[in-house]
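Listed here are the chains, written in short residue letters.
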Amino acid sequence: MEKFPLKGTSNLTISSAATNHPLSADHTSYQSVGSKTGKGSPASIGSERITTSLTTAPGVPVYEADEDGMIDITPGNGGLTNPNYPYSYAANGGRQDGVGAPSGSGGGPTAAAAAGASASAGNGGDGGGGISSPTHTRFGRDFHHSDHEGISFAGMTDTSDDIPGIGQYDDFHTIDWQRDIARDRMRHRYIVKRRQDSFWDLLKGAHDAWSGWVCVLLVGLFTGCVAGVIDIGASWMTDLKFGICPQAFWLNREQCCWSSNETSFDSGNCSQWYAWSEIFTSSREGFGAYVISYFFYIMWAMLFALLAASLVRMFAPYACGSGIPEIKTILSGFIIRSYLGKWTLIIKSVGIMLSVSAGLSLGKEGPMVHIASCIGNILSYLFPKYGRNEAKKREILSAAAAAGVSVAFGAPIGGVLFSLEEVSYYFPLKTLWRSFFCALIAAFILRSINPFGNEHSVLFYVEYNKPWIFFELVPFIGLGIIGGFIATFFIKANLWWCRFRKYSKLGQYPVTEVLIVTFITAVIAYPNPYTRMNTSELIYLLFSQCGISNQDPLCDYNRNFTDVNSAIEIAAAGPGVHKAVWLLILALAMKLVMTIFTFGMKVPCGLFIPSLALGAITGRVVGIGMEQLAYNYPKIWIFSGECSTGDDCITPGLYAMVGAAAVLGGVTRMTVSLVVIMFELTGGVRYIVPLMAAAMASKWVGDALGRQGIYDAHIALNGYPFLDSKDEFQHTTLAADVMQPKRNETLAVITQDSMTVDDIETLLKETEHNGYPVVVSKENQYLVGFVLRRDLNLALANARRIIDGITGQSLVIFTSAQPVQNLGPSPLKLKKILDMAPITVTDQTPMETVVDMFRKLGLRQTLVTHNGRLLGVITKKDVLRHVKQMDNEDPNTVLFN
């Protein structure tokens with residue numbers, strides 16, 4: 001860490017300001033250090049004890065003694081000072097940096113202390129009462145009762161009140177996880193310390209302790225309510241394309257028919273429900289009726305799509321798409337302002353109802369994650385602990401994402417695992433419990449609303465009564481492989497189309513594009529009954545088992561149901577099944593092509609339901625094939641005698657379920673959460689092994705054909721600075737190869753006590769860096785700390801506004817030293833915005849280690865040093881560009897900071 005000169009040496013090597021302490025010179029192993037006393041260079045230090053009377057040594061940069069966060073080695077020798085202990089105590093019992101002194105002596109909450117200049121007035125003495133021991137923290141100072149306003153770190157709790165906006169971030173910037181988490185720990189320690197003071201402080205402490213649980217409770221409540229409204233609205237508007245319930249227009253087809261006394265009705269067409277053709281021609285059959293129904297289907301679809309696209313364009317451009325790639329990026333520590341705002345929430349909620357109702361090939365499940373995250377973001381502002389701290393806020397957003405999947409599928413455990421596996425970046429155990437609680441509350445509220453109007457809160461409840469045969473694992477794995485191929489084709493084609501949209505004129509006409517795609521979808525979809533129906537209904541139909549009550553052509557087997565209770569016998573497929581299979585294959589092709597063009601349009605659109613539909617169609621077709629094989633050859637060994645009894649031993653619906661999991665797994669590259677979501681979605685717990693086999697096969701095929709899932713691919717396409725923690729960095733480069741500036745170029749730095757306000761403002765104008773290292777002097781580039789551009793701008797503007805006598809010629813000082821009393825304007829002290837403990841690496845550090853540090857510590861930048869001297873800076877953007885360059889991709893695709 002530090003290299004102090006021993007006997008016979010004369011120069012002092014300082015690795016950083018954080019480790020640069022005036023050590024007691026009476027310790028035998030250290031000699032008095034002599035060097036030229038220049039501006040900002042270490043001055044000659046005599047063998048007598050250093051005192052805080054600083055006017056005698058004008059050029060001495062004296063560092064605050066508490067910044068290296070040493071572990072407590074308080075002297076226990078009856079009050080005598082330990083020579084190794086880096087604090088000299090003033091006569092009034094205060095430490096040299098003022099901590100622990102009586103408040104009148106400059107160590108308490110005075111303006112000087114708050115500004116970071118907290119030196120005591122008295123001379124150092126050996127004995128002293130009231131010694132307060134330092135605590136080991138990253139930012140040196142802990143909270144003491146008397147000094148909580150003197151926190152000398154950028155953006156720390158109480159100092160941030162002095163300068164408004166310190167500690168916040170600009171739009172499209174990366175957060176500093178370490179700094180935010182340290183700020184929260186400091187705030188927490190302060191609250192705990194104050195708890196004994198009064199009853200009010202005790203209440204504050206209790207509120208702080210349970211605010212996280214209250215916040216996720218509220219998020220769960222609101223998410224459940226919003227999901228219920230969306231489900232009810234979407235099902236009503238979807239049915240509006242086909243007809244209306246004249247007695248109560250607000251009822252959808254199913255609810256309208258509940259009031260009817262008829263015991264059975266053909267696919268929901270009871271006498272209470274009027275199709276549009278009936279209203280205009282008073283008949284349901286015939287060519288004229290078909291044309292009118294067709295026309296109304298297209299007209300309503302166009303109207304809904306136009307409304308959705310216009311709302312998104314006018315009020316909330318961020319409400320388009322699925323939102324999961326952006327949520328993933330935001331949770332990794334990136335700021336996208338108003339992406340999770342109230343307008344986005346309202347427009348996304350209304351827009352998803354409209355776009356699902358328009359019959360487009362999209363689902364509402366992905367956007368539910370975005371909607372829940374918006375709710376989480378808005379509610380976090382009710383609790384300053386989360387609202388003001390970006391790193392803490394991400395804990396609430398992780399829980400909200402879990403609640404989003406929970407209400408989308410009725411799968412609370414799947415939601416928690418989805419948040420853990422797919423979207424979250426930082427997921428401590430505490431967040432796991434809170435996500436679980438949030439998902440539970442959201443699912444409970446949705447169940448209370450009961451938007452599906454059935455006794456199951458799951459979307460596609462199935463009851464298969466047959467166990468699967470061991471040999472069926474072969475077709476299940478086969479479905480996984482097919483799913484992987486379909487998914488890879490979809491990802492590559494969709495990316496090609498999105499890239500084309502982005503760089504061509506098409507991107508300038510989003511509403512027109514939505515209308516054209518909707519029109520084509522509606523025209524192609526209506527003639528085919530399987531594409532005409534709502535996608536969720538189609539998946540439910542494909543998952544379901546053929547029984548007596550099932551009238552669909554898919555179940556047109558040559559069976560005669562004589563005894564209701566007997567097992568369903570295996571039978572030959574009738575002409576209806578053959579026709580249905582052809583229609584399903586057409587539906588598969590149409591849905592695949594339309595989803596490629598739909599995903600990424602400027603309307604809210606999810607990907608879960610279309611992927612499930614593609615897989616379910618594939619699976620059902622394979623399942624019917626297997627079933628017919630078993631019917632025609634029941635004795636062959638692969639069925640191991642299970643099919644020779646005449647019972648139906650193969651369940652095509654199970655194949656549909658496995659196929660759905662395979663395609664969704666291939667598209668999103670989920671594994672664990674996918675299997676859990678699938679069995680929560682369908683209630684088929686005994687089919688976990690087939691689902692696992694298909695999900696793994698699909699993931700392997702997908703990974704072999706293309707590295708990225710759809711969300712990671714869209715993150716890369718949009719150029720978001722997302723450093724994936726799942727990837728490995730396998731190259732042998734060093735930090736010196738990546739840092740900016742390159743060798744022989746100059747590095748923009750700020751000196752600790754020799755630059756004027758004008759100098760710094762010129763530097764800010766001429767460069768665009770997000771932060772600047774602070775060094776001892778231009779010639780002697782030993783590192784003192786790091787200061788953020790935003791904080792500098794705010795501090796300078798604030799000083800000019802509030803402090804008298806600050807001019808362009810005022811010196812800006814980042815140390816706690818008292819400057820020379822010259823005749824010039826009064827200096828500006830900005831030590832409190834300086835990060836005294838920036839993360840540093842040496843120039844020989846392997847990039848593998850640096851990339852790991854960025855991933856695991858959530859760094860924003862790291863400083864590169866050589867023998868303690870500053871060489872350069874590596875930012876997250878530099879790391880991302882380097883990773884892309886090493887992988888032979890275009891490094892300029894990383895757009896943001």
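Now for a quick tour of the structure. Everything numeric in this text was worked out from a predicted model, so none of it was measured.

1. Some points on the overall build of the protein chain
Consideration 1: Of the regular secondary structure elements, the protein chain holds 28 helices and 13 strands.
Consideration 2: Per-residue burial for the protein chain yields a buried fraction of 56% across its 897 residues.
Consideration 3: Accessible surface, the protein chain as shown: approximately 37500 Å² in total, 61% of it carbon and sulfur.

2. Observations concerning helix α28 (residues 876–886)
Working note: α-helix, 3.6 residues per turn, so residues spaced by three or four point in the same direction.
Consideration 1: Counting buried positions along α28 yields eight of eleven residues, so the element is predominantly enclosed.
Consideration 2: Looking only at α28, the buried set comprises Lys876, Lys877, Asp878, Val879, Leu880, His882, Val883 and Lys884.
Consideration 3: Residues of α28 that are buried in the fold lie against α23 (710–718), α24 (735–738), α27 (847–857) and β13 (869–875).
Consideration 4: Just downstream of α28, asparagine 888 is the residue with a positive phi angle, here 60°.

3. Here we look at the sheet that holds strand β11 (residues 840–842)
Consideration 1: What the three strands build is an open sheet, ordered β11-β12-β13; its pairing is mixed. Across the chains shown, the open sheet's two edge strands, defined by having one partner strand only, are β11 and β13. Taken over all neighbouring pairs, the strand axes of this sheet differ in orientation by 35° on average, direction set aside.
Consideration 2: By the bridge criterion, three bridges tie β11 to strand β12 (residues 861–866) in an arrangement that is parallel. When the sheet's bridge partners are listed, threonine 840 is paired in β12 with leucine 863.
Consideration 3: In the packing of α27 onto the sheet, the strands contacted are β11, β12 and β13, and the crossing angle to β13 comes to about 60°.

4. Regarding the sheet that holds strand β6 (residues 755–756)
Consideration 1: The mixed open sheet is built from three strands, whose spatial order is β6-β9-β10. The outermost strands of the open sheet, each flanked by one partner alone, are β6 and β10 (828–829).
Consideration 2: As paired elements, β6 and strand β9 (residues 811–813) share two bridges and run antiparallel to each other. Along β9, the bridge assignment pairs threonine 756 with leucine 811.

5. Description of the environment of leucine 796
Consideration 1: Tracing the sequence through the fold places leucine 796 in helix α26 (residues 789–802).
Consideration 2: Here leucine 796 falls in the buried class, since its relative accessible area comes to 4%.
Consideration 3: Along the backbone, leucine 796 and isoleucine 163 are 633 residues apart, and their C-alpha atoms lie at a distance of 9.7 Å.
Consideration 4: Those residues within four positions of leucine 796 in sequence are excluded, and the remaining contacts are Val757, Ile760, Glu761, Leu764, Leu828 and Leu830.

6. A look at the packing of helix α14 (residues 473–503) against helix α22 (residues 688–705)
Consideration 1: One can describe the packing of α14 onto α22 by two numbers: an axis separation of 7 Å at closest approach and a directional angle of 40°. Put simply, α14 runs oblique to α22. Seen from above, α14 lies across α22 with right-handed handedness. Between α14 and α22, the contacting residues are Leu473, Phe476, Ile477, Gly480, Ile481, Gly483, Gly484, Phe485, Thr488 and Lys492 on the first element and Val689, Pro690, Ala693, Ala694, Ala697, Ser698, Val701, Gly702 and Leu705 on the second.
Consideration 2: Residues of the contact of α14 with α22, tallied by class, amount to twelve nonpolar, six polar and one charged.

7. Here's the deal with the pattern of salt bridges
Consideration 1: As enumerated under the stated definition, the model contains 24 salt bridges in all.
Consideration 2: A salt bridge links aspartate 184 to arginine 187, with the nearest nitrogen and oxygen atoms 3.0 Å apart. Pair noted here: aspartate 184 and arginine 187 are both in helix α2 (residues 177–194), with a separation of three residues, about one helical turn. Across this residue pair, the class does not change: aspartate 184 and arginine 187 are buried.
Consideration 3: Across the pair lysine 328 and aspartate 712 runs a salt bridge, and its minimum N-O distance is 2.8 Å. With lysine 328 in helix α7 (residues 324–331) and aspartate 712 in helix α23, this pair connects stretches of sequence that are 384 residues apart. Exposure class is identical for lysine 328 and aspartate 712. Each is buried.
Consideration 4: Overlapping salt bridges bring together Asp184, Arg187, Asp208, Lys392, Glu395 and Arg434 as one network.

8. Some points on the state of the cysteines
Consideration 1: Within the structure shown, the criterion is met by two disulfides.
Consideration 2: The disulfide partner of cysteine 245 is cysteine 256, and the S-S distance across this bridge is 1.9 Å. Sign of the S-S torsion, about 75° for the bond between cysteine 245 and cysteine 256, identifies this disulfide as right-handed. Taken together, the residues span a long stretch of sequence, with cysteine 245 in the loop between β3 (243–244) and α4 (253–258) and cysteine 256 in helix α4 at a distance of eleven residues. Grouping residues by exposure puts cysteine 245 and cysteine 256 together as buried.
Consideration 3: What pairs with cysteine 546 in a disulfide is cysteine 555, and their sulfur atoms sit 2.0 Å apart. On the S-S bond that ties cysteine 546 to cysteine 555, the torsion sits near -80°, and the link is left-handed. Here the two residues cysteine 546 and cysteine 555 agree in accessibility, since each one is buried.
Consideration 4: Free of any disulfide, cysteine 438 has its nearest cysteine sulfur in cysteine 215, 8.5 Å distant.

9. Section: the layout of surface pockets
Consideration 1: Approximately 1200 Å³ is the volume attributed to the second largest pocket.
Consideration 2: Along the wall of the second largest pocket there are 41 residues; nearest its centre are Arg707, Gln708, Asp712, Ala716 and Asp727.
Consideration 3: Elements with a minimum of two residues in the lining of the second largest pocket: α12 (412–423), α14, α22, α23 and α28.
Consideration 4: The dominant element in the lining of the second largest pocket, judged by the number of residues it contributes, is α23, at five residues.
Consideration 5: Taken together, the residues that form the lining of the second largest pocket break down as 14 nonpolar, eight polar and 19 charged.

10. Concerning the nonpolar core
Consideration 1: Phe409, Phe543, Leu612, Met678 and Ile874 are the most contacted members of the largest nonpolar core, which totals 182 residues.
Consideration 2: Per-element accounting of this core gives the leading share, twelve residues, to helix α6 (residues 287–315).
Consideration 3: Contact partners of leucine 612, with chain neighbours within four places excluded, come to Phe409, Phe460, Ile539, Ala660, Leu664, Met678 and Leu681.
Consideration 4: Core analysis: the second largest hydrophobic core is formed by 27 residues, Ile750, Val774, Val787 and Met836 among them.

11. A look at the side chain of serine 419
Consideration 1: Among the structural elements, serine 419 can be located in helix α12.
Consideration 2: Every residue in contact with serine 419, bar those within four places of it in the chain, is listed here: Ser398, Ala401, Ala402, Ser424 and Phe427.

12. With respect to a negative patch on the surface
Consideration 1: Negative charge collects at one region of the surface, where Asp727, Glu728, Glu848 and Asp887 lie side by side.
Consideration 2: Of note, aspartate 727 is situated in the loop between α23 and α24.
Consideration 3: With relative accessibility at 39%, the residue aspartate 727 sits in the partly exposed group.

13. Side note on the pairing of strand β7 (residues 771–775)
Consideration 1: Of all five residues making up β7, five are buried, and the element is well covered by its neighbours.
Consideration 2: Side chains Gly771, Pro773 and Val775 project from β7 onto one buried face, and the interleaved Tyr772 and Val774 project onto a second face that is buried too.
Consideration 3: Across two bridges, the pairing between strand β5 (residues 750–751) and β7 is parallel. For threonine 751, the partnering residue across the bridge sits in β7 and is valine 775.

14. Comments concerning the environment of lysine 364
Consideration 1: Looking at the element boundaries, lysine 364 is found in the loop between α8 (342–357) and α9 (365–380).
Consideration 2: Through-space distance from the C-alpha of lysine 364 to that of isoleucine 230 is 8.9 Å; in sequence the pair is 134 residues apart.
Consideration 3: If we skip the residues at most four places from it in the chain, lysine 364 touches Ile230, Asp231, Ile352 and Val356.

15. Concerning α8
Consideration 1: In a regular helix each residue adds 1.5 Å, so 16 residues correspond to 22 Å; α8 covers 23 Å between its end C-alpha atoms and thus fits that length.
Consideration 2: In terms of residue burial, α8 counts as a mostly covered element, since twelve of its 16 residues are buried.
Consideration 3: Residues of α8 that are buried make contact with α3 (199–240), α6 and α9.

16. Thoughts on the packing of helix α20 (residues 652–668) against α22
Consideration 1: As a packed pair, α20 and α22 sit with axes 8 Å apart at the nearest point and diverge in direction by 30°. For α20 against α22, the interelement crossing comes out right-handed. Counted together, Met657, Val658, Ala661, Ala662, Gly665 and Gly666 of α20 and Pro690, Leu691, Ala694 and Ser698 of α22 form the full contact between these two elements.
Consideration 2: Looking at the contact of α20 with α22 residue by residue, the class counts come to seven nonpolar, three polar and no charged.

The rules behind these values
Residues numbered from 1 in each chain as written. Predicted model: local features only at pLDDT ≥ 70, side-chain atom pairs only at ≥ 80, totals over all residues. Heavy atoms only, no water. Helix = DSSP H or I, 4+ residues; strand = E, 2+ residues; numbered from the N terminus. Buried < 20%, exposed > 50% of the residue type's maximum accessible area, 1.4 Å probe, protein only. Areas by Shrake-Rupley, 256 points an atom, 1.4 Å probe, with all protein chains shown as cover. Contact = heavy atoms within 4.5 Å. Pairing = 2+ DSSP bridges. Axes fitted to C-alpha atoms, helices over the stretch in contact; angles between N-to-C directions. Parallel < 35°, antiparallel > 145°, perpendicular 65-115°, else oblique. Left-handed = near helix turned anticlockwise from the far one by under 90°. Nonpolar A, V, L, I, M, F, W, Y, C, P; charged D, E, K, R; others polar. Salt bridge = Lys/Arg side-chain N within 4 Å of Asp/Glu carboxyl O. Disulfide = S-S within 2.5 Å. 1 Å grid on protein atoms, 1.4 Å probe; cavity = no way out; pocket = protein on both sides within 12 Å on 5 of 7 lines; lining within 4 Å. Points joined across faces, edges and corners; volume = space filled by probe spheres on them. Core = buried A, V, L, I, M, F, W, Y, C linked by side-chain atoms within 4.5 Å. Patch = residues over 30% accessible without salt bridge, like charges linked within 9 Å, V, L, I, M, F, W, Y side chains within 5 Å. Lys, Arg positive; Asp, Glu negative; His and termini not counted. Charge placed at Lys NZ, Arg CZ, Asp CG, Glu CD. Expected span 1.5 Å × (residues − 1).

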